[in-house]
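What follows is the residue order along each chain.
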Amino acid sequence: MHESLFLGPHGENAEFFRQIWGELLHRTLQHRSETFPGDSSPGITPPDSERIRLVEREIANFFQILQQEVPTFSNRYLGHMISDVSIPALIGNAAVLFCNPNLASKEVASAGLKLEMQAINELARMIGLEPASARGHFTSGGTVANFEAFWRARFRLDHWLSMGAWLLEKGHTSEGIFALAHQGWNSFYRQSERFGVDIAELAERSYVVQGPWDIASYYRDTLRFDFPQPVVLVPGNKHYSWPKSANVFGISEKAIWPTALDRFGRVCIASLRRNIEKARQQQRPVMMNVSVAGTTELGTVDAVDAACDLFDEYRRQENIDIWHHVDAAYGGYFCSTFRGGSSLLPERAIAAFGALARADSVTLDPHKLGFVPYACGAFLVRDAQAYSVSQVSAPYLIEDKKNDHPGWSTTLEGSRSATGAGAVWLSSRVLPLDASGHGAILNQTLATTQQLADKLQRSFDNIYFTPGRDTNIVCFTLAHTGASLRETNRRTGVVIDRFTGSPHFAISRTALGVKSYAAMVDDVVGQWHGVVDDDHLLVIRMVVMSPYLGDAATTDALLDEFVAELRSFALQ
Ligand SMILES: *Cc1c(COP(=O)(O)O)cnc(C)c1O
């Protein structure tokens, strides 16, 4: 039913699309003609026939290149986290292009910022946040949204740490630096009022303001201990944006502490607790902890709820406030499947997604499961206070002091397009972000994923899936009983290469490193009684997110065709 809001793999919905596109052009031109209607026309002459022919010819050349693009709108595309975009998202995006606002400033985006705020509120509601207290903005993608979290967590920790250093230096406390670095804003403001600490005094003790070299000597010379280098706790299933952020923000790669994964590839909460205790023991503050709700590799969902319980316990019982960020770039939209309806997600995944609203900050990627064109990510915080970040001023722009809009100085990116905001705004109105709308499409992808997995299981008796599938990504390998991992990986590589060379289906691959996925690799290889003699398990990865797989008979025939192709590639 909802696929009526997509163009269709063969342009089946052409008529509806033409009508809506016509509506967009009509309104865009009408808006132009009605703006300063009294002005005399600058007398634009239309292009002559030669120039028109030039444009047409170049468009033909252009399409010759463009048509070689991977057809991700096809049902046969089951590779990466990309599929067709919805018509409302496309129209919302395109409509914004014609007026081209820049979200960097209210001066050139009065409507754009309104659209952004309302679209962010829709996303906030979807993940269970209270729009009145939440804040957020659109980014170019999940990577930058994760950087936004990093930036703000660092800002907060730097304040608490600077206050701690000041209190220690002046002899007002005997607490350890770890406890001081996690003291919370209430304590921060209480101390600052009690002792009349001003912001300049804190800046002198801030590692962000002073830089690592000066702050290292301050700690050594004045406080008589080494600067307590903060650590970031990231699960072994992390996206590569996390090591990138360590690199960009200048913390050592060694300061990214991996939390161990269980055999399902989910973060092990006991290991998380051990990491926090290790940090406390070494008196190194935890800048932030990251949970992943829908990993890039397997679509696995960490127990965000259990992690939230752990952080609540630290806050309540020990006054230790640790920033908890959830990277829900891929999975966040699954929240729509259980809002106002029943979800096909496993119970534990529902509980995990239900806890997104308890985290300090969340990354979403509308350009993945939101069926929105690139580039569109989003960063959200539960509480406005967590949105604070170092103010950087530019004298030529007016800042919104009321802070009801994300201003130019509070985002990592400068100029920002409102296309993503427009796309999310329009699509969330037409296709509500609950079980009746968007959630129905995602539930359908979950059902198709199950159908695919069942069919594969029935068709091959030597197929081995990664355990604990949480969402709509299927990963598997084919192996002979007793075969070594190295030999199995080689064979899998050959099958993947054959898919790459064939036009019929697009799949993807992932190598599950033994370093992060030890328990899972042992489990899977153990199932075929093999030996782990390689540093990774190579799997065929299929992301099932096409909105066109609702019709059971067509889908069944397509999956049969896939099974036949896989069989022929595996036997060759
Ligand atoms: C895709 C993804 C990202 C990065 O998002 P981009 O939009 O590619 O920048 C980060 N984390 C996870 C879990 C992802 O799936």
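Residues numbered from 1 in each chain as written. Predicted model: local features only at pLDDT ≥ 70, side-chain atom pairs only at ≥ 80, totals over all residues. Heavy atoms only, no water.

Peer 1: Help me understand the overall build of the protein in this model?
Peer 2: In terms of helices and strands, the protein carries 18 helices and 11 strands. Computed over its C-alpha atoms, the radius of gyration of the protein comes to 26 Å, within 12% of the 25 Å expected for a compact globule of 572 residues. Along the first, second and third principal axes, the C-alpha atoms of the protein reach 85 × 75 × 45 Å. For the protein, the proportion of its 572 residues judged to be buried stands at 52%. Contacts spanning at least 24 positions in sequence make up 75% of the contacts within the protein whose residues lie at least 6 apart. Just so you have it, the protein exposes about 26200 Å², and 53% of that area is on carbon and sulfur atoms. In the protein, the 52 positive side-chain charges and the 63 negative ones have mean positions that sit 3 Å from each other. (Helix = DSSP H or I, 4+ residues; strand = E, 2+ residues; numbered from the N terminus. Rg over C-alpha atoms; globule rule 2.2 N^0.38 Å. Buried < 20%, exposed > 50% of the residue type's maximum accessible area, 1.4 Å probe, protein only. Contact = heavy atoms within 4.5 Å. Areas by Shrake-Rupley, 256 points an atom, 1.4 Å probe, with all protein chains shown as cover. Lys, Arg positive; Asp, Glu negative; His and termini not counted. Charge placed at Lys NZ, Arg CZ, Asp CG, Glu CD.)

Peer 1: It is not clear to me how the environment of Ile82 should be interpreted in this structure. Could you clarify?
Peer 2: If you trace the backbone, Ile82 turns up in the loop between helix H2 (49–66) and helix H3 (87–99). In this structure the C-alpha to C-alpha distance between Ile82 and Leu161, which are 79 residues apart in sequence, comes to 42 Å. Beyond its immediate chain neighbours, meaning those up to four positions away, Ile82 contacts Thr72, Tyr77, Tyr374 and Met545.

Peer 1: Would you explain the packing of helix H11 (residues 269–281) against helix H12 (residues 304–318) in this entry?
Peer 2: Each pair of packed helices gets described by two things: the angle between the helix axes and the distance between those axes. One way to put it is that H11 packs onto H12 with a least axis distance of 10 Å and a crossing angle of 35 degrees. For H11 against H12, the interelement crossing comes out right-handed. Between H11 and H12, the residues in contact are Ile269, Leu272, Arg273, Ile276, Glu277 and Arg280 and Ala306, Ala307, Leu310, Phe311, Glu313, Tyr314 and Glu318, respectively. Of the residues in the contact of H11 with H12, the class split is eight nonpolar, no polar and five charged. (Axes fitted to C-alpha atoms, helices over the stretch in contact; angles between N-to-C directions. Left-handed = near helix turned anticlockwise from the far one by under 90°. Nonpolar A, V, L, I, M, F, W, Y, C, P; charged D, E, K, R; others polar.)

Peer 1: Any chance you could explain the packing of helix H5 (residues 142–169) against helix H7 (residues 185–195) here in plain terms?
Peer 2: Closest axis-to-axis distance for the H5/H7 pair is 11 Å, and the angle between their directions is 40 degrees. As judged from the angle between their axes, H5 and H7 are oblique. Note on packing geometry: the crossing formed by H5 with H7 is left-handed. Facing Arg156, His159, Trp160, Met163, Trp166 and Leu167 of H5, the residues of H7 in contact are Trp185, Phe188, Gln191, Ser192 and Phe195. (Parallel < 35°, antiparallel > 145°, perpendicular 65-115°, else oblique.)

Peer 1: For this particular structure, what's the right way to read a nonpolar patch on the surface?
Peer 2: A grouping of Trp21, Leu25, Leu29, Leu97 and Phe98 is seen on the molecular surface, where their side chains present a nonpolar patch of about 470 Å² in accessible area. Counting residues per element, the ones that place at least two in the nonpolar patch are helix H1 (14–34) and H3. By residue number, the principal contributor to the nonpolar patch is H1, which donates three residues. Here Leu25 shows up in helix H1. For Leu25, a relative accessible area of 35% puts it in the partly exposed group. (Patch = residues over 30% accessible without salt bridge, like charges linked within 9 Å, V, L, I, M, F, W, Y side chains within 5 Å. Salt bridge = Lys/Arg side-chain N within 4 Å of Asp/Glu carboxyl O.)

Peer 1: Whenever I open this one, the environment of Gly341 confuses me. Can you help?
Peer 2: Examined against the element boundaries, Gly341 turns out to sit in the loop between strand S5 (324–328) and helix H13 (347–354). Taking C-alpha positions, Gly341 is 8.5 Å from Gly439, a pair spaced 98 residues apart along the chain.

Peer 1: Explain the pattern of salt bridges to me, please; I cannot follow it from the model alone.
Peer 2: Note on pairing: side chains with opposite charge can pair once their charged atoms come close. Counting across every chain of the model gives 28 salt bridges. Across the salt bridge formed by Arg156 and Asp360, the nearest N and O atoms sit 3.9 Å from each other. Residue Arg156 is found in helix H5, and its partner Asp360 is found in the loop between H13 and strand S6 (361–364); the two are separated by 204 residues along the sequence. One continuous salt-bridge network, built from bridges that share partners, spans Arg156, Asp309, Asp312, Arg315, Asp321, Arg358, Asp360 and Arg382.

Peer 1: Sorry, what's going on with the packing of aromatic side chains here?
Peer 2: Centre-to-centre distance and the angle between the planes together describe a pair of aromatic rings. Across all of its chains, the model carries 21 aromatic pairs by this definition. Measuring from ring centre to ring centre gives 6.0 Å for Phe6 and Tyr548, while their planes differ by 80 degrees; the resulting arrangement is edge-to-face. You can see Phe6 sitting in the segment before H1 and its partner Tyr548 sitting in the loop between strand S11 (536–543) and helix H18 (552–571), a full 542 residues away along the chain. Tyr548 shares its class with Phe6; the two are buried. Plain terms: the ring middles of Tyr219 and Phe227 are 5.1 Å apart, the flat faces sit at 75 degrees to each other, and that makes the pair edge-to-face. Residue Tyr219 is classed as buried on the basis of its relative accessible area of 0%. Ring pairs connect the aromatic residues Tyr207, Tyr218, Tyr219, Phe225 and Phe227, which therefore count as one cluster. (Phe/Tyr/Trp six-rings, centres within 6.5 Å; stacked < 30°, edge-to-face > 60°.)

Peer 1: Would you take a moment to explain the site of the ligand for this structure?
Peer 2: Residues in contact with the ligand amount to 14 residues; listed here are only the nearest, Thr143, Asp327, Asp365, His367 and Lys368. Within the backbone of Gly142, a nitrogen or oxygen atom sits 2.8 Å from an oxygen atom of the ligand. Note that an oxygen atom of the ligand is positioned 2.7 Å from one of the side-chain N or O atoms of Asp365. If the ligand stood free it would expose 380 Å²; the protein chains cover 87% of that surface. At three residues, H5 tops the list of elements feeding residues into the shell around the ligand. When its residues are assigned to classes, the shell around the ligand shows two nonpolar, nine polar and three charged. (Near = heavy atom within 4 Å. Polar contact = N/O pair within 3.5 Å; in protein donor to acceptor, adjacent residues only side chain to side chain.)

Peer 1: How should I be thinking about the domain arrangement of the protein in this particular structure?
Peer 2: The domain boundaries assigned to the protein delineate domain 1 (137–389) and domain 2 (438–571). The C-alpha centroid of domain 2 is placed 34 Å from the C-alpha centroid of domain 1. At the interface, 30 residues of domain 1 touch 28 residues of domain 2. Both sides together, the interface formed by domain 1 and domain 2 hides about 2400 Å², and carbon and sulfur atoms give 60% of it. (Domains from an automatic or database assignment. Buried area = accessible area lost by both parts, 1.4 Å probe.)

Peer 1: I'm lost on the sheet that holds strand S1 (residues 135–139) in this one. Help?
Peer 2: One open sheet holds the seven strands; their spatial order is S1-S7-S6-S5-S4-S2-S3, and the pairing between them is mixed. Of all the strands in the sheet, the pair left with one neighbour each is S1 and strand S3 (256–259). Mean inter-strand twist for the sheet, computed between neighbouring axes without regard to direction, equals 20 degrees. In the sheet, strand S4 (residues 286–292) pairs with S5 via four bridges, with the strands oriented parallel. (Pairing = 2+ DSSP bridges.)

Peer 1: What am I meant to see in H18 here?
Peer 2: Working note: α-helix, 3.6 residues per turn, so residues spaced by three or four point in the same direction. Helix length check: H18 (20 residues) gives 28 Å between terminal C-alpha atoms against 28 Å at 1.5 Å per residue, within 8%. Every buried residue belonging to H18 is among Thr555, Leu558, Leu559, Phe562, Val563, Glu565, Leu566 and Phe569, and all of these are buried. Each buried residue of H18 lies within a common arc of 165 degrees when the element is viewed along its axis, so the set occupies one face. Residues of H18 that are exposed and point over 90 degrees away from its buried face: Ala553 and Leu571. (Expected span 1.5 Å × (residues − 1). Arc of directions from axis to C-beta.)

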